[in-house]
Amino acid sequence: MIRLTIAIAAALAGGPPSASPPSPARAVQLRVEHLVNPLGIDAPRPRFSWQMADARQGARQSAYRILVATAPGRLVPGRADVWDSGPVAADSSLDVAYAGPALAPRHRYYWTVCLRDQDGRAARCAPAAWWETGMMGERWRAAWIAASDGPLDTIATIGTDRAAADSGAVPLLRRAFALRGAPARARIYATALGSYRLTVNGRPAGPGVLVPDWTDYRDRVTYQTYDVTRLLRPGRNAMGVLLGAGWFASRMGFSSKRYAYGPPPVRLLLELVLTWADGREEVIGSDTSWRTAPSPVLSSEIYDGETYDARLEQPGWDGPGFDDHAWRPAIVEPAPAAVLQDQAMPPIERTGVVRPRRLWSPAPGTWVFDLGQNFAGWARLAVRGPRGTVVRMRFAEILDADGRNITQINLRSARATDTYVLSGRGAETFEPHFTYHGFRYVEVTGFPGRPSLGALTGIVVHTALPETGVLRTSDADVNRLWENILWTQRANLYGIPTDCPQRDERMGWMGDAQVFWRTASYNMDMAAFGEKWLADVRDGQTPAGCFPNFAPNFLGVLACGAPGWADAGVIIPWTLWRHYGDTRVLAEQWDAMVRYLAFIADSNPDFLWTHRKQVQFGDWLPAGSTRSWGETNTDLISTAFWAYDAALMSQMAAALGKDSAAARYAWLAGRVRAAFDTAYLAPDGRVGAPFVNPDSVRSTYTQTASVLALRFGLVPDSLRPRVASRLVDDIAAHGWHLTTGFLGSAYVLPVLSDAGRDSVAFRLLLQRSFPSWMYEVDHGATTVWERWNGDHGDPGMNSYAHYAFGAVGEWLYRYLGGIGEAEGSVGFSRIEIRPRWSPALDAARAVYRSPRGTIVSAWRRRPDGAVVVTVTVPPNTVGRVVLPADRRPTVSGAGSRFEGLRDGVASFAIAAGRYTFTVR
């Protein structure tokens, strides 16, 4: 039996049988298009990824072989009936593209990968994984349908909510059908202009809520795929749909206008595809055979909340046997011009619960629940009372000045109110369907009797991306800051990266996203999410090449080209490539990025970006400025980002094999950099605008100006120490405080650490007085504030869950924790472990589940003053450990090589494995 296993392992890896036993290595975490066993993928050449698992020091993949077949039993060399890559001598394990024959739509494919280790020994192939293709451009056989027109007299049931009901009642749709037996396979492909909840025989078709995700519905609508085989049964069956406004029909942004992307009504497209054992297919699609009726949801809108009258419920409406003769037939609506595309990323889901911590009554009949954590989602209400009782829940992030009542002053026009009318049928439970809120507090009125803490439960809702990072230190407040950053990220992932989850905005602001994306990618797997959102960015690009300031962009040319915001169209693809190692995202974005760089260059022949800026946000919301855009010269900011864009374009062009483009953009970066230095950089290290003589710089110098110049490589090496010293001097002159906004704050700590000023970076991190990160923590923040002065800033622009200032998380992972990529590396194939420590902290531990496996960097200070550093780098990677030391540290763990000790820094080259270093 052992000899047979050896022979099979060798054959699968493409080599002759060997006398040595199989390698203990194995491939794990098999993914297609960044997803585990994805259902409904349209990619014609899907990308395969895996990780190598092997406990041995120095474990490395020397070759791989991918097999694709129509059945798991055919995943054998010579028998794989779809594709066999053959043995490939490479350590590649990320985003290896399928190169077989054309894939069929709506078909399941199985795959595995077989590895060889560093000794050339074959490992057992991974257990079979799979993916299933979606429609892949195939013509839909169903029609777009909507509810029949007609009066909804149920709106009058709650007179005070008539205005809310005017935002659009939510219809029910159902389709009954009979099956002669159990199908071998059943899939539903569905989408909506609006948002839908789908059930089959009364059970949810999938975990997603608020589907489909927000896109520019004029260009692209995503559809979802559901495996409903187990939900069907021989005989009578039924599908039910609740069809709400979603992002298509709700008012969006700063306008009270609904239907920003097209005319009403909301509509549904759905196909149930049944595959029988003999291979025949049967399709039951959306058409006029569907029946519609009013639902208990009288209104439901993203910003304003939901009104639900349980007296109007029709029990069993979405199950078989329900009598729908009084319902009306659905009507067919015109199909949109948009492309229908698979939703190749996780849906928005319920991901957790938050229990109330406190409950009090500020006035008779009014109750306030404090959940102790600011987050996004909704509340589940449990109640029992007389029929017709109206219970209202108002959601808020903060309390008013007396600390007893909630205030919604920072929500602007968002009503953020859910209303429930009791049916009177005993114990009742309510959750809204097509809205969400950002909140910590819930005010409840109309509750029959005195509620208990258990009467309300917070439901955490967001795009269900895998969480990949953890940071812990000896300082509880630093830990709280990291938790605040993570909670803020969760609250702002709703199919796009939103700026805030609570007020009448919740838009995909690109400046906020680009400064936070590196932090976000440590916290969660952002690969698939990022690719989807970049498609939104491309959809929002103007014909002239101007990238939008937010995406989806529903305002067109009026909302594009802001420096630091529009540049996300270049910076985020670069960040995704560096973090996840895939060049396809660059290829997909390339033409759009070229057009954007041309958009800037065409109007700025002197290489200073001073013209063709549609709008400017400057260094948004800096501390100490009376202007939202701050004091940093906006032409300086623009030109700095132009130079940075060009430099990144050169790197990305090289990665794509576009050598001439790489040279062209390197030249452009040099010209813009030279123009920047002439205009804005003084010989004494001050950065300001405009630079005519040394005295003119003083009034325009800002911390952000120096930070951007240093971060973007705009300062000659000979001047970098002077510019860094000027920055530190200004920080000290402000009492060791920052004056930076969104752009400067994101980069300031990395800039300081890179300049050898770790002590200043730590001082800023741990600064407790205003403005600082710890000021927020000390004032009870459980998410990151939009403003440094969130406790007393402009109430109309004061989100309490805004991740821009949370970009400090990159420094926590890369510098305090020490986990980063080596220079020139992508996808963490070469890892640099370089932790920083401070007398103010005794320990820190960072864990990052990278695309190639788990990386750990931890340090702790012993009583004798020595610092013990433990490091783990995953198989199929190499690392470099860089530690502050004035003599050679000791190390345990085979596979390290001492590189030397220079300028107070010791460095080691390490192979995959676990190591312990002691620095005395």
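Residue indices begin from 1 for each chain and proceed along its sequence in written order. Given that the model is predicted, a residue must reach a pLDDT of at least 70 before its local features are reported, and side-chain atom pairs must reach 80 or more before they are shown or counted; all residues, however, enter totals for whole chains, interfaces and linings. With hydrogens and water stripped out, all remaining heavy atoms of the structure feed into the side-chain values.

Undergrad: Which parts of the structure should I look at to understand the packing of helix 6 (residues 527-540) against helix 7 (residues 568-580)?
TA: Axis angle and axis distance: for two packed helices, these are the angle between their axes and the distance between the axes, and together they describe the pair. Angles run from 0 to 180 degrees between N-to-C directions of axes, and those axes are lines fitted to C-alpha atoms, restricted for helices to the stretch in contact. Secondary structure elements are defined from DSSP: runs of H or I of at least 4 residues count as helices, runs of E of at least 2 residues count as strands, and each element is numbered from the N terminus. Running from N to C, helix 6 and helix 7 cross one another at 160°; their axes reach a closest spacing of 11 Å. As judged from the angle between their axes, helix 6 and helix 7 are roughly antiparallel. Note that helix 6 runs across helix 7; the crossing there is left-handed. Residues Ala-527, Gly-530, Glu-531, Trp-533, Leu-534 and Val-537 of helix 6 pack against Gly-569, Ile-572, Pro-573, Leu-576 and Tyr-580 of helix 7. Partitioned by chemical class, the residues of the contact of helix 6 with helix 7 number eight nonpolar, two polar and one charged. For classification purposes, an angle smaller than 35 degrees is called roughly parallel, one larger than 145 roughly antiparallel, one from 65 to 115 roughly perpendicular, and anything else oblique. Left-handed describes a crossing whose near helix is turned anticlockwise from the far helix through less than a right angle; right-handed describes the clockwise counterpart. By definition, residues are in contact when any of their heavy atoms lie within 4.5 Å. Residue classes follow a fixed rule: Ala, Val, Leu, Ile, Met, Phe, Trp, Tyr, Cys and Pro count as nonpolar, while Asp, Glu, Lys and Arg count as charged, and any other residue, Gly among them, counts as polar.

Undergrad: So what exactly am I meant to see when it comes to the sheet that holds strand 21 (residues 328-329) here?
TA: Note: strands within a sheet are paired through backbone hydrogen bonds, in either parallel or antiparallel orientation. Strands are treated as partners if at least two bridges between them are detected by DSSP. Pairing is antiparallel across the open sheet formed by six strands, whose spatial order is 13-12-15-10-18-21. Each edge of the sheet is formed by a strand with only one pairing partner; in this case those strands are strand 13 (203-204) and strand 21. Summarising the sheet, strand 12 (residues 195-200) and strand 15 (residues 235-244) pair through six bridges and their orientation is antiparallel. Of the residues in strand 15, the one forming a bridge with Ser-195 is Gly-244.

Undergrad: Any chance you could explain the sheet that holds strand 3 (residues 47-53) here in plain terms?
TA: An order of 1-3-6 is seen for the three strands of this open sheet, with the pairing classed as antiparallel. The outermost strands of the open sheet, each flanked by one partner alone, are strand 1 (26-32) and strand 6 (96-97). In this sheet, strand 3 lies alongside strand 1 in antiparallel orientation, the contact comprising five bridges. Within strand 3, the residue paired with Val-32 across the bridge is Phe-48.

Undergrad: Help me understand the pattern of salt bridges in this model?
TA: A pair can form between side chains of opposite charge whenever their charged atoms are brought close. What counts as a salt bridge is simple: a side-chain nitrogen of Lys or Arg found within 4 Å of a carboxyl oxygen of Asp or Glu. Under the definition given, this model contains 54 salt bridges. As a salt-bridge pair, Asp-477 and Arg-768 come within 2.5 Å of each other at their nearest N and O atoms. Of the two residues, Asp-477 is situated in helix 4 (residues 476-491) and Arg-768 in the loop between helix 15 (758-766) and helix 16 (773-778); the sequence distance between them amounts to 291 residues. Exposure classes here rest on a 1.4 Å probe applied to the protein chains alone. A residue is buried below 20% of its type maximum, exposed above 50%, and partly exposed in between. Given a relative accessible area of 25%, Asp-477 falls into the partly exposed group. We note a salt bridge from Arg-686 to Asp-684, for which the minimum N-O separation is 2.7 Å.

Undergrad: Before we go on, may I ask you to explain the pairing of strand 38 (residues 853-861) in this structure?
TA: Two faces make up the sheet, and in a regular strand the side chains alternate between them. Alignment of strand 37 (residues 843-850) against strand 38, held across eight bridges, turns out to be antiparallel. By the bridge assignment, Ala-846 is partnered in strand 38 with Ser-857. The loop that links strand 37 with its antiparallel partner strand 38 comprises two residues. The hairpin turn running from strand 38 into strand 39 (residues 867-884), its antiparallel successor, is five residues long, and Gly-865 in that turn takes a positive phi close to 95°.

Undergrad: What is the right way to look at the pairing of strand 32 (residues 437-445) in this model?
TA: Within strand 32, eight of the nine residues are buried, which leaves it mostly tucked inside the rest of the structure. In the sheet, strand 26 (residues 366-383) pairs with strand 32 via eight bridges, with the strands oriented antiparallel. For Phe-375, the partnering residue across the bridge sits in strand 32 and is Phe-439. Pairing of strand 27 (residues 390-396) with strand 32, which is carried by five bridges, proceeds in the antiparallel orientation. Counterpart to Met-393 in the pairing with strand 32 is Val-444.

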